[in-house]
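Single-letter residue listing:
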Amino acid sequence: MNPSHFGCSECGSSGLTRAHIGKNAKFHYKLQCKEARLINEPLPPYPKRYENCSKCQGLGIIPSDSLKAAPLYTGRIVVIGGGIGGMAFALAALQRGLNVTVFEKDLSFHTRSQGYALTMQQGFTALRKLGFSVETLREIGTTSTAHISYHKSGEVLGSYGRDKWQNDNDNAKRFNIQIPRQKLREIMYRQLPPDTVQWNKELVSVDRDSKTLSFADGAVEGYDMIVGADGIRSQFTGPTFPLLFLGIIVILGRGRVKAGTTSGVAAAGLGVDKIWETADGVTRVYAMPFGVEGETMWQLSYRCSETEAFRLGASKELLLRETAARVAGWHEPWEELVASTSTAEVTGYPAYDRWPLSEDMYDDLSLHPSLRDVALLGDAAHPLSPFKGQGANQALIDGVELATILTRGSLPVPSTPLPPSVVQKHMPMAPVGVAESESLVAAVSLPPTPSTPPSEAPAPAEDATPSLQEMIARFHHGMIKRVRPKVGGSREAATFLHSECVLAKGDCRRASAAARASQPNNESD
């Protein structure tokens, strides 16, 4: 079928339109200009303010193509990889009038197994900007009423969620939706016109002189731009941006919990409408409802060597056996849940991420000419550990933002860069052995656009039409600025969730409980 929504012409599909700045902003801008003149510094960029577009209500898309936006970029875009990020970009691009084709190495859409469930956080807004209503997302997913943390003995370490917040009107309205990965991928795929996704297309080589792609089946396709959405071992990164092993193996599976048929925590409705996790300071297991009543997705993780992780990952039987051994004697219903899991539903892998040192790491053409016409998104650009649930969420945002930039040339963001002190405050420490770029702070914001004389300071005209390389650079800059703290947070979570810190008590997320417990003179209840 064809997309049900199209890019809004009023806001260039961004969801935001320029708004007047207030008197205070103008006053402070004049002061900044005066100070810049005194020390002979370049004038700061004129401040910008945006508000939600009245035509599309801030979504960037409208349900009619009569006034759809005309994109700036008109070349042929090929997407390598039809996962969450690739499908999100393809749909967003077609809604905004871009010429896009997806090449996926799977034989068909159904080649992949159902996979595990994804918790929609920031990605929820991206899905709304793809035209999916809250009702549609609720129909294909589940919502949980509580998140409960246990010690392996069954002692409750803490809980939070709507069950806990029912007397708090603001928090009681908050919710996340858990959606099976394949269902999320399907609702995007079903919106694409026929032949947008070409199956059984495994990329073999790229000829940048003739701008052609060669595939394993002998097909040759031309392109103007490539979107690398081919996952954590992307062909477009390779040894240039190596993966960093986090020292942890992750094992995933699905089983069934018969709520109310056993004693203890199983009778509390776990596996039906609650998320729960259990830890002992070494091993951690996390579970959430999967969409079918009684079916529960679980994730077990612990520290091990990369060699051992690969050895176990090569055999589903070994993975399930190791899981059963680690939860033996743990509180109900862990043994029941693992015992109900078939080997076909188990997978395991070593956890990696890739540290994005600076915004220019993907577009320094003198060092990486192979990326001149390539935009990277999702795991191909920024793999994360699974412990903050950010991978799919960030991939969805990547897809929508890249399509928006190719439509209008840039994202509508304030032109004033963040002060270095603010940047440093929110920047996680680099991993051991990874040198921090000297230009890290300087690269946080794009170079400001030229300012108008500040005397009477009228708002400057919009930027000239950017080149493809400039649009790709803008996307990569913004993406890494957004994702860097997520990578750092996921890495920190990988550490404390497999340490004694995770056993700290508190009705909050484990990270917050651990932070409170580590404070000097902390008074525990």
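Residues numbered from 1 in each chain as written. Predicted model: local features only at pLDDT ≥ 70, side-chain atom pairs only at ≥ 80, totals over all residues. Heavy atoms only, no water.

Remarks on the overall build of the chain
When you go through the chain residue by residue, the secondary structure sums to 13 helices and 22 strands. Counting across all 525 residues of the chain, residues that qualify as buried make up 51%. Roughly 24200 Å² of accessible area belongs to the chain as shown, and the carbon and sulfur atoms make up 52% of that amount. (Helix = DSSP H or I, 4+ residues; strand = E, 2+ residues; numbered from the N terminus. Buried < 20%, exposed > 50% of the residue type's maximum accessible area, 1.4 Å probe, protein only. Areas by Shrake-Rupley, 256 points an atom, 1.4 Å probe, with all protein chains shown as cover.)

Things to note about the nonpolar core
Judged by nonpolar contacts, the single largest core of 68 residues is most densely connected at Phe89, Leu184, Met188, Met225 and Leu406. No other element matches the 9 residues that helix H2 (residues 84–95) contributes to this core. Residues in contact with Leu184, not counting those within four places in the same chain, are Ile84, Leu118, Met120, Leu127, Ile179 and Leu396. Val257, Leu319, Trp334 and Leu337 belong to the second-largest nonpolar core, a separate cluster that totals 23 residues. (Core = buried A, V, L, I, M, F, W, Y, C linked by side-chain atoms within 4.5 Å. Contact = heavy atoms within 4.5 Å.)

With respect to the pairing of strand S5 (residues 76–80)
Among the 5 residues that make up S5, 4 are buried, leaving the element largely enclosed by the rest of the structure. Both S5 and strand S6 (residues 99–103) contribute to a ladder of 5 bridges, which runs parallel. Each bridged residue has a counterpart across the sheet, and for Arg76 the counterpart in S6 is Asn99. Traced from S5 through H2 to S6, the parallel crossover comes out right-handed. In terms of strand pairing, S5 meets strand S16 (residues 225–228) through 4 bridges, oriented parallel. Each residue of the ladder has a partner; that of Val78, found in S16, is Ile226. (Pairing = 2+ DSSP bridges. Right-handed = clockwise from strand over helix to strand, strands pointing away.)

Points about the environment of Gln122
In this fold, Gln122 is placed in the loop between strand S7 (117–120) and helix H3 (123–128). Each C-alpha atom, one on Gln122 and one on Ile397, is 7.8 Å from the other, the two residues being 275 residues apart in sequence. Excluding its chain neighbours within four sequence positions, the residues that come into contact with Gln122 are Gln390, Asn393, Gln394, Ile397 and Lys486.

Quick word on the environment of Ala403
Relative to the helices and strands, Ala403 resides in helix H10 (residues 391–408). The class of Ala403 is buried, set by a relative accessible area of 0%. Once residues within four sequence positions are removed from consideration, Ala403 is found in contact with Phe89, Ala92, Ala93, Arg96 and Leu98.

Side note on the pattern of salt bridges
Scanning all chains against the criterion turns up 15 salt bridges. Glu221 serves as the salt-bridge partner of Arg76, at 3.1 Å between the closest nitrogen and oxygen. Taken together, the residues Arg76 in strand S5 and Glu221 in strand S15 (residues 220–222) connect sequence positions 145 residues apart. Judged by relative accessible area, which is 24%, Glu221 ranks as partly exposed. Two residues, Lys152 and Asp280, come together in a salt bridge whose shortest N-O distance is 4.0 Å. With a gap of 128 residues between them, Lys152 in the loop between strand S9 (146–151) and strand S10 (156–160) and Asp280 in the loop between strand S18 (274–279) and strand S19 (284–289) connect regions that are remote in the sequence. The network of salt bridges with common partners includes Arg208, Lys211 and Asp373. (Salt bridge = Lys/Arg side-chain N within 4 Å of Asp/Glu carboxyl O.)

Examining the packing of helix H7 (residues 306–313) against helix H8 (residues 316–327)
Where H7 contacts H8, the axes come no closer than 6 Å and their chain directions differ by 110°. Here H8 runs roughly perpendicular to H7, going by the angle between their axes. Along the contact surface, H7 presents Arg311, Leu312 and Gly313, while H8 presents Leu318, Leu319 and Glu322. Of the residues belonging to the contact of H7 with H8, the class tally is 3 nonpolar, 1 polar and 2 charged. (Axes fitted to C-alpha atoms, helices over the stretch in contact; angles between N-to-C directions. Parallel < 35°, antiparallel > 145°, perpendicular 65-115°, else oblique. Nonpolar A, V, L, I, M, F, W, Y, C, P; charged D, E, K, R; others polar.)

As for the side chain of His147
Here His147 shows up in strand S9. Of note is the side chain of His147, whose polar atom sits 3.0 Å from the side chain of Glu277. Beyond its immediate stretch of four places on either side in the chain, His147 contacts Gly158, Ser159, Tyr160, Ile275, Glu277 and Tyr286. (Polar contact = N/O pair within 3.5 Å; in protein donor to acceptor, adjacent residues only side chain to side chain.)

Describing helix H1 (residues 23–38)
The terminal C-alpha atoms of H1 lie 23 Å apart, and with 16 residues this matches the ideal 22 Å at 1.5 Å per residue to within 8%. All of the buried residues along H1 are Tyr29, Cys33 and Ala36. For H1, the arc enclosing every buried residue in end-on projection is 60°, short of the 170-degree limit, so these residues lie on one face. The outward face of H1, more than 90 degrees from its buried face, is lined by the exposed residues Lys23, Asn24, Phe27, Lys34, Glu35 and Leu38. (Expected span 1.5 Å × (residues − 1). Arc of directions from axis to C-beta.)

Notes on the packing of H2 against helix H6 (residues 181–189)
Taken N-terminus to C-terminus, the directions of H2 and H6 make an angle of 20°; their axes are 9 Å apart at the nearest point. Taken as axis vectors, H2 and H6 run roughly parallel relative to one another. In this structure, the crossing between H2 and H6 has a hand that is left-handed. Side by side, H2 and H6 meet where Ile84, Met87, Ala88 and Leu91 of the first sit next to Arg181, Leu184, Arg185, Met188 and Tyr189 of the second. Each residue belonging to the contact of H2 with H6 can be placed in one class, and the counts come to 7 nonpolar, no polar and 2 charged. (Left-handed = near helix turned anticlockwise from the far one by under 90°.)

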